[in-house]
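Per-entry structural report
Now for the letters of each chain:
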Amino acid sequence: MNLLLLSLLFALALWAMISMYRSRNRKKAELLLPVRSASIIKIHSYKSFGIIATIRFKYDLTPQIGDRLHEEGNIYQITGVVTPDPVQEQPKDTWDCRLVKI
(Lines give C-alpha, C1' and ligand atoms only; values in the text may rest on other atoms or scores of the structure.)
Protein backbone atom coordinates (compact mmCIF):
# COMPACT_ATOMS: atom_id res chain seq x y z
CA MET A 1 0.00 0.00 0.00
CA ASN A 2 2.76 2.45 0.94
CA LEU A 3 4.73 1.56 -2.20
CA LEU A 4 1.68 2.24 -4.38
CA LEU A 5 1.05 5.59 -2.68
CA LEU A 6 4.72 6.54 -2.97
CA SER A 7 4.87 5.68 -6.68
CA LEU A 8 1.64 7.66 -7.29
CA LEU A 9 3.09 10.73 -5.52
CA PHE A 10 6.32 10.39 -7.50
CA ALA A 11 4.41 10.22 -10.80
CA LEU A 12 2.35 13.26 -9.82
CA ALA A 13 5.47 15.26 -8.88
CA LEU A 14 7.17 14.27 -12.14
CA TRP A 15 4.12 15.33 -14.16
CA ALA A 16 4.00 18.70 -12.33
CA MET A 17 7.70 19.35 -13.02
CA ILE A 18 7.33 18.54 -16.73
CA SER A 19 4.23 20.77 -17.01
CA MET A 20 6.00 23.72 -15.37
CA TYR A 21 9.06 23.24 -17.61
CA ARG A 22 6.94 23.23 -20.78
CA SER A 23 4.95 26.26 -19.66
CA ARG A 24 8.11 28.22 -18.83
CA ASN A 25 9.72 27.40 -22.19
CA ARG A 26 6.56 28.39 -24.07
CA LYS A 27 6.45 31.79 -22.32
CA LYS A 28 10.15 32.35 -22.98
CA ALA A 29 9.69 31.53 -26.69
CA GLU A 30 6.81 34.03 -26.97
CA LEU A 31 9.01 36.83 -25.65
CA LEU A 32 11.62 36.18 -28.34
CA LEU A 33 9.24 36.84 -31.24
CA PRO A 34 10.22 39.86 -33.38
CA VAL A 35 8.73 43.27 -32.60
CA ARG A 36 7.78 45.65 -35.44
CA SER A 37 8.92 49.25 -35.56
CA ALA A 38 5.88 51.49 -35.15
CA SER A 39 4.56 54.43 -33.20
CA ILE A 40 1.12 54.64 -31.68
CA ILE A 41 -0.53 57.92 -32.70
CA LYS A 42 -3.84 57.58 -30.82
CA ILE A 43 -5.00 54.94 -28.37
CA HIS A 44 -8.57 54.34 -27.19
CA SER A 45 -9.77 51.78 -24.66
CA TYR A 46 -13.28 50.34 -24.97
CA LYS A 47 -14.97 47.85 -22.67
CA SER A 48 -16.52 45.89 -25.53
CA PHE A 49 -13.64 46.01 -28.06
CA GLY A 50 -10.53 46.39 -25.92
CA ILE A 51 -7.72 48.66 -27.11
CA ILE A 52 -8.11 50.28 -30.54
CA ALA A 53 -5.12 52.32 -31.70
CA THR A 54 -4.07 54.30 -34.74
CA ILE A 55 -0.57 53.12 -35.53
CA ARG A 56 2.04 54.48 -37.93
CA PHE A 57 4.40 51.76 -39.11
CA LYS A 58 7.91 52.66 -40.18
CA TYR A 59 7.71 50.33 -43.17
CA ASP A 60 4.91 50.07 -45.74
CA LEU A 61 4.04 46.48 -44.90
CA THR A 62 0.43 45.77 -44.01
CA PRO A 63 0.10 44.82 -40.33
CA GLN A 64 -0.81 41.20 -39.68
CA ILE A 65 -2.70 39.64 -36.79
CA GLY A 66 -0.10 38.38 -34.32
CA ASP A 67 2.48 41.12 -35.04
CA ARG A 68 3.98 42.72 -31.94
CA LEU A 69 4.71 46.38 -31.23
CA HIS A 70 6.86 48.07 -28.62
CA GLU A 71 5.74 51.47 -27.32
CA GLU A 72 6.84 53.28 -24.14
CA GLY A 73 8.03 50.14 -22.36
CA ASN A 74 4.93 48.09 -23.22
CA ILE A 75 4.61 45.30 -25.75
CA TYR A 76 1.32 44.99 -27.63
CA GLN A 77 0.09 42.21 -29.92
CA ILE A 78 -2.18 42.99 -32.87
CA THR A 79 -5.41 40.99 -32.66
CA GLY A 80 -7.28 42.77 -35.45
CA VAL A 81 -6.70 45.21 -38.31
CA VAL A 82 -9.34 47.66 -39.55
CA THR A 83 -9.39 47.80 -43.33
CA PRO A 84 -9.15 51.45 -44.41
CA ASP A 85 -12.08 53.01 -46.27
CA PRO A 86 -11.02 53.65 -49.88
CA VAL A 87 -13.10 56.87 -49.96
CA GLN A 88 -11.23 58.50 -47.07
CA GLU A 89 -7.70 59.74 -47.56
CA GLN A 90 -5.42 58.03 -45.06
CA PRO A 91 -1.64 57.71 -45.23
CA LYS A 92 -0.74 54.22 -46.43
CA ASP A 93 1.61 53.61 -43.49
CA THR A 94 -1.12 54.38 -40.87
CA TRP A 95 -3.56 51.70 -39.70
CA ASP A 96 -6.24 51.25 -37.04
CA CYS A 97 -5.58 48.06 -35.10
CA ARG A 98 -7.00 46.19 -32.14
CA LEU A 99 -4.29 45.52 -29.57
CA VAL A 100 -3.74 43.36 -26.51
CA LYS A 101 -1.12 44.39 -23.95
CA ILE A 102 1.30 41.56 -23.25
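Look above for the structure.
So, here's what we can say about the structure.

Scoring rules and cut-offs
Residues numbered from 1 in each chain as written. Predicted model: local features only at pLDDT ≥ 70, side-chain atom pairs only at ≥ 80, totals over all residues. Heavy atoms only, no water. Helix = DSSP H or I, 4+ residues; strand = E, 2+ residues; numbered from the N terminus. Buried < 20%, exposed > 50% of the residue type's maximum accessible area, 1.4 Å probe, protein only. Contact = heavy atoms within 4.5 Å. Areas by Shrake-Rupley, 256 points an atom, 1.4 Å probe, with all protein chains shown as cover. Core = buried A, V, L, I, M, F, W, Y, C linked by side-chain atoms within 4.5 Å. Patch = residues over 30% accessible without salt bridge, like charges linked within 9 Å, V, L, I, M, F, W, Y side chains within 5 Å. Salt bridge = Lys/Arg side-chain N within 4 Å of Asp/Glu carboxyl O. Pairing = 2+ DSSP bridges. Axes fitted to C-alpha atoms, helices over the stretch in contact; angles between N-to-C directions. Polar contact = N/O pair within 3.5 Å; in protein donor to acceptor, adjacent residues only side chain to side chain.

Focus: the overall build of the protein
The helix and strand inventory of the protein stands at one helix and five strands. Going from the N terminus to the C terminus, the protein shows its helices and strands as α-β-β-β-β-β. Per-residue burial for the protein yields a buried fraction of 21% across its 102 residues. The contacts in the protein between residues at least 6 apart in sequence include a share of 48% that link residues at least 24 apart. Surface exposure of the protein reaches about 8,300 Å², of which carbon and sulfur atoms provide 62%.

Let's talk about the nonpolar core
A38, I40, I51, A53, I55, F57, L69, Y76, I78, W95, C97 and L99 form the largest nonpolar core, which has twelve residues in total. For this core, the secondary structure elements donating two or more residues are β1 (38-46), β2 (50-57), β4 (74-82) and β5 (94-101). With four residues, the single largest contributor to this core is β2. When neighbours within four sequence positions are excluded, L69 is seen to be in contact with V35, R36, A38, I55, F57, N74, I75, Y76, I78 and L99.

Here we look at the environment of Q77
Within the secondary structure layout, Q77 lies in strand β4. Residues contacting Q77, with those up to four places away along its chain left out, are G66, D67, R68, R98, L99, V100 and I102.

Looking at a nonpolar patch on the surface
Taken together, the side chains of L5, L8, L9, L12 and W15 make up a nonpolar region of the molecular surface, amounting to roughly 580 Å² of accessible area. With respect to the helices and strands, L12 occurs in helix α1 (residues 2-31).

Some points on the sheet that holds strand β3 (residues 68-71)
Reading across the sheet, the five strands line up as β1-β2-β5-β4-β3 and stay open at both edges, with antiparallel pairing between neighbours. Strand pairing shows two members of the sheet lacking a second neighbour, β1 and β3, which therefore form its edges. Adjacent strand axes in the sheet meet at a mean angle of 40 degrees when their direction is disregarded. Judged from the four bridges that link them, β3 and β4 form a sheet pairing that is antiparallel. Across the sheet, residue R68 finds its bridge partner in β4, namely Q77.

Describing the side chain of D67
Within the fold, D67 resides in the loop between β2 and β3. A polar side-chain atom of D67 sits 2.9 Å from the main-chain amide nitrogen of Q64. Filtering out sequence-adjacent residues up to four positions away, D67 remains in contact with R36, Y76, Q77 and I78.

Regarding the pairing of β4
Side chains on a regular strand alternate between the two faces of the sheet. The pairing of β4 with β5 spans six bridges and is antiparallel. Bridging across to β5, I78 finds its partner in L99.

Comments concerning the side chain of T94
Mapped onto the secondary structure, T94 falls in strand β5. Reaching out from T94, the side chain makes a polar contact with the side chain of R56 at a distance of 3.5 Å. Setting aside its immediate chain neighbours within four residues, T94 contacts I41, T54, I55 and R56.

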